[in-house]
Amino acid sequence: MDRGSAAAGGVLLHLDIHVDEEKPRLGILELLKTLRPQWKTEDIQMKVFTEGITNCLTGCYVGSLQEACVLVRVYGRNTELYVDRQREVEMFQLLHAHHCGPLIYCSFHNGICYEFVRGEVLDDRLLRQPSIFRLIAAEMGRIHSIKPPATGPAEAVLWARMAKLLTLVGNNVQDGPDNHSPQNVPGLPSHKVLSDEMETLKKHLSDTLSPVVLSHNDLLTKNIVYNLPEGTVKFIDYEYADYNYQAFDIGNHFNEFAGVSDMDFSRYPSRGVQREWLRAYLESYRRASGRPSPPTETEVTALYIQVCKFSLASNFFWGLWAMLQSHFSSIDFDFKRYATDRLHFYFQKKAAYFKLTEV
């Protein structure tokens, strides 16, 4: 074994092991010899979690899944092209240091191992319950208040990441003969149209005064764990976590109300639900930032408008991501339909959201 550096939390154990994505058991057992040497091989149980559409996740335990479980995440094929794995480790360590995330145990050649978060992942029904979404809003407010470890303001990662995805789509999902849609993803805009749209988005949203905060950036339902006895929620999976626009992280989460495998944007939260959510968020964010006074309705409205605008960027970003996944991923998921749905909603809402004026 050797050790790799992780700047936000010191040195992280790195194991010289590769886990076969198709037949992971032998590689996982090799990892556990170091991480849990007291476990007998014949007693180790494994549970494969099927909710993810980027990576393969396996829970390893002896006795009870909810006690002392080790999670082994094997990275999806070619995800290193657009996910900074070193940065992911740093985000794990930063969030854990602020009691907002699990402990990461080690990295290996094509994945990481980390602590199991007790509770149950949310379903779409629970996501809409006021008692639950207020907990989510409050937890996001706490995370958004975490300051960068280094001095100076943090820079939002949105545009650099979006540009990288766009380049990868252009290089790997080529335009068809008619130059209107990518050959592998019929019915979607051409690379030129997507490039023009990104510039339009960037130009319009650059005037939106959304602060840059520590963001999860991928808060879909299955990345939220609800602990009923404790009455808490925790966020998991930090592949895309980094400093980003506050309104992007919130707007991205609102988009996830539509679901993933059965996406339906009629489930997008109503304006009333959004305002209730944003009020709970602002109360938490201000309190964690040392400003405990309650938010005004004007502040709620201003954030609502920013979130509407950045929800467009979220749909555009994940549309690009799904186009790329349709080309690379070995996971059984309809990425082409997902890309179509995301970009359709983007174009449907673009004109109306662009007209909204901040107060």
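None of the values given here were measured: they were computed from a predicted structure. (Residues numbered from 1 in each chain as written. Predicted model: local features only at pLDDT ≥ 70, side-chain atom pairs only at ≥ 80, totals over all residues. Heavy atoms only, no water.)

1. A word on the pattern of salt bridges
Part 1 of the reasoning: Enumeration according to the criterion identifies 21 salt bridges in this entry.
Part 2 of the reasoning: Across the pair D237 and R73 runs a salt bridge whose closest N-O atoms are separated by 4.0 Å. Taken together, the positions of D237 in the loop between β11 (232-235) and β12 (242-245) and R73 in strand β5 (residues 70-74) put the pair 164 residues apart, joining distant regions of the chain. In this pair, the class of D237 matches that of R73, namely buried.
Part 3 of the reasoning: Taking the shortest distance from any N to any O, the salt bridge between E256 and R342 comes out at 2.9 Å. Highlighted residues: E256 in the loop between α7 (246-255) and α8 (271-288) and R342 in helix α10 (residues 335-355), separated in sequence by 86 residues. (Salt bridge = Lys/Arg side-chain N within 4 Å of Asp/Glu carboxyl O. Helix = DSSP H or I, 4+ residues; strand = E, 2+ residues; numbered from the N terminus. Buried < 20%, exposed > 50% of the residue type's maximum accessible area, 1.4 Å probe, protein only.)

2. Things to note about the packing of α7 against helix α9 (residues 297-328)
Helix packing geometry: the angle between the two helix axes and the distance between the axes.
Part 1 of the reasoning: In contact at an axis separation of 7 Å, α7 and α9 are set at 70° when each is read in the N-to-C sense. In terms of orientation, α7 lies roughly perpendicular with respect to α9. When you trace α7 past α9, the crossing you get is right-handed. Residues Q246, A247, F248, I250, G251, N252, F254 and N255 of α7 form the contact with α9, whose own contacting residues are L303, Q306, V307, F310, S311, A313, S314, N315 and W318.
Part 2 of the reasoning: Per-class residue counts for the contact of α7 with α9 are 9 nonpolar, 8 polar and no charged. (Axes fitted to C-alpha atoms, helices over the stretch in contact; angles between N-to-C directions. Parallel < 35°, antiparallel > 145°, perpendicular 65-115°, else oblique. Left-handed = near helix turned anticlockwise from the far one by under 90°. Contact = heavy atoms within 4.5 Å. Nonpolar A, V, L, I, M, F, W, Y, C, P; charged D, E, K, R; others polar.)

3. Focus on the nonpolar core
Part 1 of the reasoning: The biggest cluster of nonpolar side chains holds 98 residues, and the ones touching the most others in it are I136 and W277.
Part 2 of the reasoning: When residues in this core are grouped by element, the largest group, 18 residues, is from α9.
Part 3 of the reasoning: Once residues within four sequence positions are removed from consideration, W277 is found in contact with F133, I136, A137, M140, I250, H253 and F254.
Part 4 of the reasoning: Core analysis: the second largest hydrophobic core is formed by 19 residues, L13, L35, V72 and C106 among them. (Core = buried A, V, L, I, M, F, W, Y, C linked by side-chain atoms within 4.5 Å.)

4. Some details on the state of the cysteines
Part 1 of the reasoning: Per the counting criterion, the structure on display carries 0 disulfides.
Part 2 of the reasoning: Left without a disulfide partner, C69 is nearest to the cysteine sulfur of C60, which lies 6.5 Å away.
Part 3 of the reasoning: C106 supplies the cysteine sulfur nearest to C113, a cysteine that is in no disulfide, at a spacing of 3.8 Å.
Part 4 of the reasoning: For C113, a relative accessible area of 0% gives the class buried. (Disulfide = S-S within 2.5 Å.)

5. A word on the side chain of T58
Part 1 of the reasoning: Note that T58 resides in strand β4 (residues 56-61).
Part 2 of the reasoning: Residue classification places T58 among the buried residues on the basis of a relative accessible area of 7%.
Part 3 of the reasoning: Apart from the residues within four sequence positions on either side, T58 is in contact with I28, M46, K47, V48, F49, V70, L71 and V72.

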